[in-house]
Amino acid sequence: MRAVRRPDATALRGFPLADIADAPAPALERRGVAPGKARFIIDVVLAIHRRAMPRWLAEPDTTLAQLMAQAAAELREVVAPPAPTIR
């Protein structure tokens, strides 16, 4: 597997994620995802990315994929907390 070079944190400031957020929408729509749902998916993925990226830059022994999975799990915990156990 090819190593991914970590970008300098200053190089990422102002990276126009919002500017490229619309680019994947047509591809999702071609795959049958409704336009509103496509935008929602993109927004969620960008939120996960924003959470994971600073951690990736700070933690050299982890992969961006690991940290994105961790951020997705954190989101899942907030959105769908485990059901309370009945005693």
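Refer to the structure printed above.
Residues numbered from 1 in each chain as written. Predicted model: local features only at pLDDT ≥ 70, side-chain atom pairs only at ≥ 80, totals over all residues. Heavy atoms only, no water.

**Here we look at the pattern of salt bridges**
Note the threshold: What makes a salt bridge here is a side-chain nitrogen of Lys or Arg within 4 Å of a carboxyl oxygen of Asp or Glu, nothing more. Secondary structure elements are defined from DSSP: runs of H or I of at least 4 residues count as helices, runs of E of at least 2 residues count as strands, and each element is numbered from the N terminus. Between buried and exposed lies partly exposed: a residue is buried under 20% and exposed over 50% of the maximum accessible area for its type, with that area taken using a 1.4 Å probe on protein chains only.
Under the defined criterion, the tally for this structure stands at three salt bridges. Among the ionic pairs, glutamate 74 bridges to arginine 55, the shortest N-O distance being 2.9 Å. Taken as a pair, glutamate 74 in helix α5 (residues 64–79) and arginine 55 in helix α4 (residues 35–58) lie far apart in primary sequence, 19 residues in all. For arginine 55, a relative accessible area of 18% gives the class buried. Among the ionic contacts, a cluster of salt bridges with common partners joins Arg51, Arg55 and Glu74.

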